[in-house]
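A structural walkthrough
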Amino acid sequence: MTLSKGTRIVVGMSGGVDSSVAAALLQDQGYEVTGVMLRLWSDPGTLNRCCAPDALVEARRVAGQLEIPFYTMDAQDAFYQAVVQPFINGYAKGITPNPCLQCNRMIRWQFLLSRAQALGAEIIATGHYAKIQQSADGVYQLLMNPDPEKDQSYFLHILTQENLSRTVFPLADYSKKEVRQLARDYSLPVAERPDSQDLCFVGQGDYRNFLKQTDPSLFKPGPIRDTEGNIKGKHTGLAAYTIGQRKGLGISGVEPYYVVEKDIQENTLVIGYKNFPGRDVFFTEQNNWISGTTPETPFKAGVKIRYKSRVVPATITPLPDNQAKINLSSRLPDITPGQAAVFYQDQICLGGGIIRLEES
């Protein structure tokens, strides 16, 4: 996408180093930049780390230093309905949802864009580490960032052609180390501000306490059994565990146990050793194809089943009702329903969907 100088761009600012550098770079490139921070819902008595008072102060300082307009906008109700409620509902169904995906889809690329348009801007920018390019036939493509430790295309696989046509990622070709140095070069006050890691809307990042307070029925104790059917102990509620979890099981063996399955019907937690074979076939639903076109035939691609997992070769077979069947080249032990499986061909992110273990 080619933008002319003077184009009005709204930057989603969080008070962190990434969005601050994104705003500074765009201003340097001659665009008319406006900063916006969204006020998001948080667990009562806590602060949402994406818009806490200290983050707001830092974002205002950066905007003041850059001499750009800065606004805060209330998105609390929209955030609760689009992100928090589905998070609670997901755990009630026995899956492990990823709220960042819904936040990107419904808040950053729907709510923020609509507010940007109200400010007279048709383009938004964020501090994500990913890249947008157009193919020879004009189709927008989402590419991985060169820094594998910071690439965030996994979280952006939900974007559409319309989204990408109205988005710029100023950090597309930078590593985190380079962004920190740019912040120092710009003398930004957030140059050394640490990254936020945990869920933004729960106190202390502890989703278990949040769920207990929100819906105590999710924490019904039940048996823990191993993969051979032996009862090994009692769990405190399936919502407190996720596939692949090792710590906090309270059960010893000849080697550490891992969670390999959550049996919702029997309210049973299934554990096994690290060498448990896992599975090489699973399904996805609610698929988003970034090109806007669903593939008609099976194809080969790399698949990531979590943000920090490795890319595994696979054959992907599109199915009716926006589903797909994934045949991995090797078994994985921690395929987790509710998380996203994201598809890649080389550096291009093709899209992805929500994991389920069986076809619906």
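Below is a short write-up of the structure.

Rules used throughout
Each chain has its residues counted from 1, following the order in which its sequence is written. For a predicted model such as this one, the threshold for reporting local features is a pLDDT of at least 70, and the threshold for listing and counting side-chain atom pairs is 80 or more; totals across whole chains, interfaces and linings nevertheless cover every residue. Computation of side-chain values covers all heavy atoms of the structure but excludes hydrogens and water. Under this scheme, a helix contributes an axis fitted over its contacting stretch, all axes are lines through C-alpha atoms, and angles between N-to-C directions fall in the 0 to 180 degree range. A run of H or I in DSSP becomes a helix once it reaches four residues, and a run of E becomes a strand once it reaches two; helices and strands are each numbered from the N terminus. Here is the rule for angles: anything less than 35 degrees is roughly parallel, anything more than 145 is roughly antiparallel, 65 through 115 is roughly perpendicular, and the remaining ranges are oblique. We call two residues in contact whenever any of their non-hydrogen atoms come within 4.5 Å of each other. All amino acids are sorted into three groups, where Ala, Val, Leu, Ile, Met, Phe, Trp, Tyr, Cys and Pro are nonpolar, Asp, Glu, Lys and Arg are charged, and the leftover types, Gly among them, are polar. Residue exposure (1.4 Å probe, protein chains only): buried if accessible area is under 20% of the type maximum, exposed if over 50%, otherwise partly exposed. The pairing criterion for strands is at least two bridges between them, as found by DSSP. In these notes, a set of buried Ala, Val, Leu, Ile, Met, Phe, Trp, Tyr and Cys residues joined through side-chain atoms within 4.5 Å is what counts as a nonpolar core. In this scheme the handedness of a crossing depends on how the near helix is turned from the far one: anticlockwise by less than a right angle means left-handed, clockwise means right-handed. Two rings from Phe, Tyr or Trp (for Trp, the six-membered ring) form a pair when their centres sit within 6.5 Å of each other. Planes less than 30 degrees apart are called stacked, planes more than 60 degrees apart edge-to-face, and all others tilted. In our convention, an over-ring charge means Lys NZ or Arg CZ found within 6 Å of a ring centre and within 35 degrees of that ring's normal.

**Regarding the packing of helix H3 (residues 76-92) against helix H7 (residues 207-214)**
- For the pair H3 and H7, the least separation of the axes is 11 Å and the interaxial angle reads 85°. Taken together, H3 and H7 sit at an angle that is classed as roughly perpendicular. Residue-level contacts link Val84, Phe87, Ile88 and Tyr91 of H3 to Tyr207, Phe210, Leu211 and Thr214 of H7.
- Along the lines of polarity and charge, the residues of the contact of H3 with H7 split into seven nonpolar, one polar and no charged.

**Comments concerning unusual backbone geometry**
- The phi dihedral of Glu67 falls on the positive side, at around 60°, and the residue is not glycine.
- Checked against the element boundaries, Glu67 lands in the loop between helix H2 (53-66) and strand E3 (70-74).
- The residue Asn267 is not glycine, and still its phi comes out positive at about 50°.
- Turning to its location among the elements, Asn267 is positioned in the loop between strand E10 (257-263) and strand E11 (268-273).
- Residue classification places Asn267 among the buried residues on the basis of a relative accessible area of 16%.

**Side note on the sheet that holds strand E8 (residues 222-226)**
- Taken together, the four strands give an open sheet; going across it, the order is E9-E8-E11-E10, and neighbouring strands pair in mixed fashion. Each of the sheet's edge strands pairs with one partner strand only, and the pair in question is strand E9 (231-235) and E10. Neighbour to neighbour, the strand axes of the sheet diverge by 30° on average, direction disregarded.
- Inspection of the sheet shows E10 paired to E11 by six bridges, in the antiparallel sense.

**Focus: the nonpolar core**
- Val21, Leu38, Phe79, Phe201, Phe210 and Leu211 are the most contacted members of the largest nonpolar core, which totals 95 residues.
- Considering each element in turn, this core owes the most residues, eight residues, to helix H4 (residues 99-118).
- Dropping the residues within four chain positions of it, Leu211 is found in contact with Phe87, Ile88, Tyr91, Pro216, Leu218, Phe219 and Ala239.
- Within the second largest apolar cluster, 18 residues are counted, among which are Val303, Val312, Ala314 and Ile355.

**What about the environment of Ile305?**
- Inspection of the secondary structure assignment puts Ile305 in the loop between strand E13 (299-304) and strand E14 (312-319).
- Sequence separation between Ile305 and Arg184 is 121 residues, and the spatial gap between their C-alpha atoms is 35 Å.

**Some points on the packing of H3 against H4**
- Two numbers describe how H3 lies on H4: the axes approach to 9 Å, and their chain directions differ by 165°. On the basis of the axis angle, H3 is roughly antiparallel to H4. For the crossing formed where H3 meets H4, the hand is right-handed. Contacts between H3 and H4 involve Ala78, Phe79, Ala82, Val83 and Phe87 from the first element and Pro99, Gln102, Cys103, Met106, Ile107 and Phe111 from the second.
- Of the residues in the contact of H3 with H4, the class split is ten nonpolar, one polar and no charged.

**What to know about the packing of aromatic side chains**
- Applying the stated rule across the entire model yields 16 aromatic pairs.
- Between the aromatic rings of Tyr154 and Tyr307, the centroid separation amounts to 6.4 Å while the plane-to-plane angle is 40°, which identifies the pairing as tilted. Placement of the pair is Tyr154 in the loop between strand E6 (140-144) and helix H5 (161-165) and Tyr307 in the loop between E13 and E14, with a sequence separation of 153 residues. Each member of the pair, Tyr154 together with Tyr307, is buried.
- Between Tyr257 and Tyr273 the ring centres are 4.7 Å apart and the planes differ by 15°, which places this aromatic pair in the stacked class. With a gap of 16 residues between them, Tyr257 in strand E10 and Tyr273 in strand E11 connect regions that are remote in the sequence.
- Using a relative accessible area of 6% as the deciding quantity, one classes Tyr257 as buried.
- A network of ring pairs unites the aromatic residues Trp41, Phe79, Tyr80, Phe87, Tyr91, Phe201, Tyr207 and Phe210 as a single cluster.
- Over the face of the ring belonging to Phe111 we find Arg115, whose NZ or CZ atom lies 3.9 Å from the ring centre.

Interpretation note: all reported values are geometric properties and have no functional meaning in isolation.
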